[in-house]
Number of protein chains: 2
Amino acid sequence: MTSGRAGANLAAIASALGVSAATVSNALSGKGRVSTELSEKIRVKAEELGYVPSIAGRALRTGRSGVVGLVLPDIANPLFPQIAQAIEKAADAAGYGVLIADSHGNVAKQTQAINRLIERGVEGMVVVPRRGTRIGNVDCPVAVIDSPSTPGNTVSADHWDGGFQIGRHLAELGHRNVVIIGNNPDSNVQNDRIGGIRSGLGSSAQTQTLWIASLEKRNGAGCPLGVAQKVMQGSTAFAAVSDLHALRALTELQRDGINVPEQASVTGFDDLIWAPVVTPALTTVRMDMAKIADLAITALVRSIDAEDRPLSGGVVADISKVAMELIVRRSCGPNNKKQAANTTSTAGELAS
Amino acid sequence: MTSGRAGANLAAIASALGVSAATVSNALSGKGRVSTELSEKIRVKAEELGYVPSIAGRALRTGRSGVVGLVLPDIANPLFPQIAQAIEKAADAAGYGVLIADSHGNVAKQTQAINRLIERGVEGMVVVPRRGTRIGNVDCPVAVIDSPSTPGNTVSADHWDGGFQIGRHLAELGHRNVVIIGNNPDSNVQNDRIGGIRSGLGSSAQTQTLWIASLEKRNGAGCPLGVAQKVMQGSTAFAAVSDLHALRALTELQRDGINVPEQASVTGFDDLIWAPVVTPALTTVRMDMAKIADLAITALVRSIDAEDRPLSGGVVADISKVAMELIVRRSCGPNNKKQAANTTSTAGELAS
DNA sequence: CTGAAAGCGCTTACAG
DNA sequence: CTGAAAGCGCTTACAG
């Protein structure tokens, strides 16, 4: 906040023009208390001197930093880049800069990250909480992006509806025996998605849930999911709560000689970067990140403006859930008994 | 930068204790000009009042914002999360906050992003430039992370060496006919990697390069790479310059009935999140992001300290390239003529 | 060891 | 329409 690396400050412009700093300030902020001609002269001079306003000076005077924080549980998570990008864009449009913080690791780190952000003077923050964390008692407005079923949530995708769309799509393709693949049964987001999938499939469908975390605890990280076996046992579709798990299922099926989508359909979630790239391309569901970010930032800014330098901050209350969009790609085909039976033997030949 | 949401500022502590603000400042900054007992009393009082120093006040006085910028060409790129995370961590360790900026789109956006960062008072910035961009004439120290062969580069992975390790590994496994998969021939990073791969394979190997961008321009986005056909024509390995392209090749091979690694090996680059998760797990090469980030931030901070509020900034000069680490996983096996010949017919059956 | 004073750059009532 | 003055919170010589 050295401001004038380029040298000029308000006073410099003022003295160069023989006017007061107050007038320069008024002219540049365009509040209209200065004559048009003088304003114009000041603007030109400012440009000429390469004037860059000092955020520090302004912040000190107004108590506003023009910066919000973004707390992410794990920046390396493949979904968060989308969030970060959307938040940055929305914040920028609202005139705010974005300071990032990674709550990587544990809840203590999250609290620490939040505190550091406060020390750095953020006016508010958007936080994507760690699993099972409640954000309480933060000294500034907070918008929480999590899951509609999480208390204190501000905005999020309608994960349940996303699941419902997937489930309905599979049902329409004729799938009646579906394996749902989740990672962690403690995740609100995952449970919302799974609930939606089940509901979308309808009561006539058989479902079972494969929890990767439990499986890996038993068999070691990176162990096979055993999806090919599920196909032998009659399952015709795999609905994963993330494109990452869908990818895992897809490649394991292929490696074991099962044709996707002829013998088994695979769906994911989130439209991650590889979804359109793999063969066959993944059917998935996408959240409208831009909209979520807009809502989060709008709510945050409203709260910041409403408070207008109070002594206590707080959590912005529940607002809305954003619809998800189904993206149908080739990994998902009709359940065709004859073909499935047909290819089982071929698969057998190849698998060994 | 409202500082005292919690209320207390230096003056409040001072008057509560009947001392001067200067003394409080000295005590809290620990520069040792205050008696131990008084220091302790001040520290306790500060804690009690929930004192949070005003960055704005300090910044205005010292001319230092304690913030650096991070400019990324596309936050949604799967590799950048790792960069962002590492930079955030390194900056945090050095006492700096990180303001993010996305130069998404074009070069004009990049310039604009840089300017906005300057307006926000960053003391320096780390930039991962857009392809083919030179960063010049920025009003603060800049560390550039790109490729050793890019002029003005500050730190980066040794992409050539990473390629070399991949190439040598494939050569040791007996591969003599390798397809290199790149995206864009204009990328310094990709060219470095490809040069390394060729060199690692040695002069006895036949190589050809498949440029995805050109292919897609002819055949449309998401078109098949035709990798199975390459196998029929005698290629036994595919070395991609990114795990994303490796994944594309892998799934396409599997979909076309080619067994990986028995009939063809596949390697990637960057150890992206799915590399260990797919079946077979991808052999790849990883950059030491933590080290790269440390070097970038160290160089940046040194430059910031050296300048100590000059009128001109500039680019931190060339420094170093960081070794890459080969990660061998199952996607990569020995070239075994007999087995390859053996499975070709099976592949043929399935392919149609 | 402690304090009084000045000043970083800005904005905002308030006077004129 | 324009200006003089005060003050946001901090740190840093300088005196004592």
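Residues numbered from 1 in each chain as written. Chains lettered and ligands numbered in written order. Predicted model: local features only at pLDDT ≥ 70, side-chain atom pairs only at ≥ 80, totals over all residues. Heavy atoms only, no water.

Participant: When you look at the pairing of strand β8 (residues 237-240) of chain A in this model, what are you seeing that I'm missing?
Facilitator: Put simply, side chains in a regular strand alternate between the two faces of the sheet. Residues and elements named next belong to chain A. Neither face of β8 is open: one carries A237 and A239, the other F238 and A240, and all of them are buried. Pairing analysis gives 4 bridges linking strand β6 (residues 177-182) to β8, with the strands arranged parallel. Opposite I180, over in β8, you have A239 as the bridge partner. Two strands pair when backbone bridges link them, and β8 and strand β9 (residues 265-267) are joined in this way by 3 bridges, in the parallel orientation. Residue pairing across strands places A239 opposite T267, the latter belonging to β9. Handedness of the crossover joining β8 and β9 through helix α11 (residues 243-255): right-handed. (Buried < 20%, exposed > 50% of the residue type's maximum accessible area, 1.4 Å probe, protein only. Helix = DSSP H or I, 4+ residues; strand = E, 2+ residues; numbered from the N terminus. Pairing = 2+ DSSP bridges. Right-handed = clockwise from strand over helix to strand, strands pointing away.)

Participant: Explain the domain arrangement of chain A to me, please; I cannot follow it from the model alone.
Facilitator: Interfaces are often described in size by the accessible area the parts lose on coming together. Per the domain assignment, the segments making up chain A are domain 1 (10-53), domain 2 (67-157 + 289-322) and domain 3 (159-287 + 327-336). For domain 1 of chain A versus domain 2 of chain A, the separation of C-alpha centres amounts to 37 Å. (Domains from an automatic or database assignment.)

Participant: I'm lost on the protein's contact with DNA strand C in this one. Help?
Facilitator: The full set close to DNA strand C counts 25 residues, and L10(A), Y51(A), R61(A), R33(B) and S35(B) are the nearest of them. Backbone sugar and phosphate groups make up 68% of those atoms of DNA strand C lying within 4 Å of the protein. Within the backbone of L10(A), an N or O atom sits 2.6 Å from a phosphate oxygen of DNA strand C. For DNA strand C, a phosphate oxygen lies 2.8 Å from a polar atom in the side chain of T23(B). Of all elements in the fold, only α2 (21-29) and α4 (55-62) of chain A together with α2 (21-29) and α4 (55-62) of chain B reach the threshold of two or more residues within the surface near DNA strand C. The element that contributes the greatest number of residues to the surface near DNA strand C is α4(A), accounting for 5 residues. Looking at the surface near DNA strand C residue by residue, the class counts come to 10 nonpolar, 10 polar and 5 charged. (Near = heavy atom within 4 Å. Polar contact = N/O pair within 3.5 Å; in protein donor to acceptor, adjacent residues only side chain to side chain. Nonpolar A, V, L, I, M, F, W, Y, C, P; charged D, E, K, R; others polar.)

Participant: Got a minute to help me understand the interface of chain B and chain A in this structure?
Facilitator: Residue-level contacts link 67 residues of chain B with 67 residues of chain A. Roughly 5900 Å² is buried in total at the junction of chain B and chain A, and carbon and sulfur atoms are behind 60% of that figure. Linking chain B with chain A are 4 salt bridges. Of the charged contacts in the structure, one is a salt bridge between E262(A) and R255(B), with a shortest N-O distance of 2.6 Å. The interface formed by chain B and chain A includes 14 residue pairs in polar contact (both at pLDDT 80 or more). Where the side of chain B that touches chain A is concerned, the elements lending two or more residues are α4, α5 (80-93), β2 (97-102), α6 (107-119), α11 (243-255) and α13 (337-351) of chain B. It is α11(B) that provides the largest number of residues to the side of chain B that touches chain A, a total of 7 residues. (Contact = heavy atoms within 4.5 Å. Buried area = accessible area lost by both parts, 1.4 Å probe. Salt bridge = Lys/Arg side-chain N within 4 Å of Asp/Glu carboxyl O.)

Participant: Could you clarify how one ought to interpret the sheet that holds strand β7 (residues 206-211) of chain A in this entry?
Facilitator: For sheets, the rule is that strands pair by backbone hydrogen bonds, running either parallel or antiparallel. Residues and elements named next belong to chain A. Read from one edge of the open sheet, 4 strands run β7-β6-β8-β9, paired in parallel fashion. Each edge of the sheet is formed by a strand with only one pairing partner; in this case those strands are β7 and β9. Here the average twist between neighbouring strands, direction ignored, is 20°. Pairing of β6 with β7, which is carried by 6 bridges, proceeds in the parallel orientation. When the bridges of β7 are listed, I180 appears paired with T209. Sheet strands in contact with helix α8 (residues 188-201) are β6, β7 and β8, and its direction is about 160° off that of β7. (Axes fitted to C-alpha atoms, helices over the stretch in contact; angles between N-to-C directions.)

Participant: How do you make sense of the pattern of salt bridges when you look at a structure like this?
Facilitator: Working definition: two side chains of opposite charge can pair if their charged atoms are close together. Residue and element names in this part refer to chain A. Inspection of the entire model under this criterion finds 22 salt bridges over all chains. As a salt-bridge pair, E48 and K45 come within 3.3 Å of each other at their nearest N and O atoms. Residue E48 and its partner K45 are located together in helix α3 (residues 36-48), separated by 3 residues, close to a single helical turn. Its relative accessible area of 19% is what places K45 among the buried residues. Connected through salt bridges with shared partners, the residues D271, R286, E325 and R329 form a single ionic network.

Participant: Sorry if this is basic, but what is going on with the relation of the copies chain B and chain A here?
Facilitator: Relating one copy of the chain to the other requires a rotation about an axis plus a shift along that axis. For the pair chain B and chain A, the best superposition has an RMSD of 0.2 Å and corresponds to a rotation of 180° with a translation of 0.0 Å parallel to the axis. Here the transformation between the copies is reduced to the relation of a two-fold axis. A high fraction, 100%, of the interface residues of chain B reappear at the interface in chain A, so the copies pair face to face through one surface. (Least-squares fit on C-alpha atoms with pLDDT ≥ 70 in both.)

Participant: Is there a simple way to explain the packing of aromatic side chains in this structure?
Facilitator: Two measures describe an aromatic ring pair: the distance that separates the ring centres and the angle between the ring planes. Residues and elements named next belong to chain A. Applying the stated rule across the entire model yields 3 aromatic pairs over all chains. Aromatic side chains W160 and F164 sit 5.6 Å apart centroid to centroid with 15° between the ring planes, which places their arrangement in the stacked category. With W160 and F164 both in helix α7 (residues 159-172) and 4 residues apart, this pair spans about one turn of that helix. Here F164 falls in the partly exposed class, since its relative accessible area comes to 23%. (Phe/Tyr/Trp six-rings, centres within 6.5 Å; stacked < 30°, edge-to-face > 60°.)

Participant: Help me out: how do you make sense of the environment of Q233(B) in this one?
Facilitator: Examined against the element boundaries, Q233(B) turns out to sit in the loop between α10 (227-232) and β8 (237-240). Here the alpha-carbon distance between Q233(B) and N177(B), two residues 56 residues apart in the chain, equals 9.7 Å.

Participant: Which parts of the structure should I look at to understand the protein's contact with DNA strand D?
Facilitator: Not every one of the 25 residues close to DNA strand D is listed here, only the nearest: R33(A), S35(A), L10(B), Y51(B) and R61(B). Counting only atoms of DNA strand D within 4 Å of the protein, the sugar-phosphate share comes to 69%. Contacts to DNA strand D include T23(A), whose side-chain N or O atom sits 2.8 Å from a phosphate oxygen. Between L10(B) and DNA strand D, the recorded distance is 2.6 Å, taken from a backbone N or O atom to a phosphate oxygen. Those elements that place two or more of their residues in the surface near DNA strand D are α2 and α4 of chain A together with α2 and α4 of chain B.

Participant: Can you walk me through the nonpolar core in this structure?
Facilitator: Core analysis: the largest hydrophobic core is formed by 147 residues, its most contacted members being I87(A), I181(A), W274(A), I87(B), I181(B) and W274(B). Contacts of I181(A), omitting those with residues within four sequence positions, involve L210(A), I212(A), L225(A), V227(A), F238(A), A239(A), A240(A), V241(A), H245(A) and A249(A). Formed by 32 residues, the second largest nonpolar core is a distinct cluster that contains V138(A), V122(B), M125(B) and V127(B). (Core = buried A, V, L, I, M, F, W, Y, C linked by side-chain atoms within 4.5 Å.)

Participant: I'm lost on the sheet that holds β8(B) in this one. Help?
Facilitator: Residues and elements named next belong to chain B. Spatially, β7-β6-β8-β9 is the arrangement adopted by the 4 strands of the open sheet, whose pairing is parallel. The open sheet has two free edges, formed respectively by β7 (206-211) and β9 (265-267), since each of these has just one partner strand. Across the sheet, the mean angle from the axis of one strand to that of its neighbour is 20°, orientation sign disregarded. Seen against the sheet, helix α9 (residues 212-219) touches β6 (177-182) and β7 and runs at an angle of roughly 55° to β7.

Participant: Even after reading the chapter, I still don't get the pairing of β6(A), so can you show me in this structure?
Facilitator: All names here are of chain A. Counting buried positions over the 6 residues of β6 gives 6, a clear majority of the element. The alternating pattern of β6 places N177, V179 and I181 on one face and V178, I180 and G182 on the opposite face, and all of these are buried. For the crossover that starts at β6, traverses α8 and ends in the parallel β7, the hand is right-handed.

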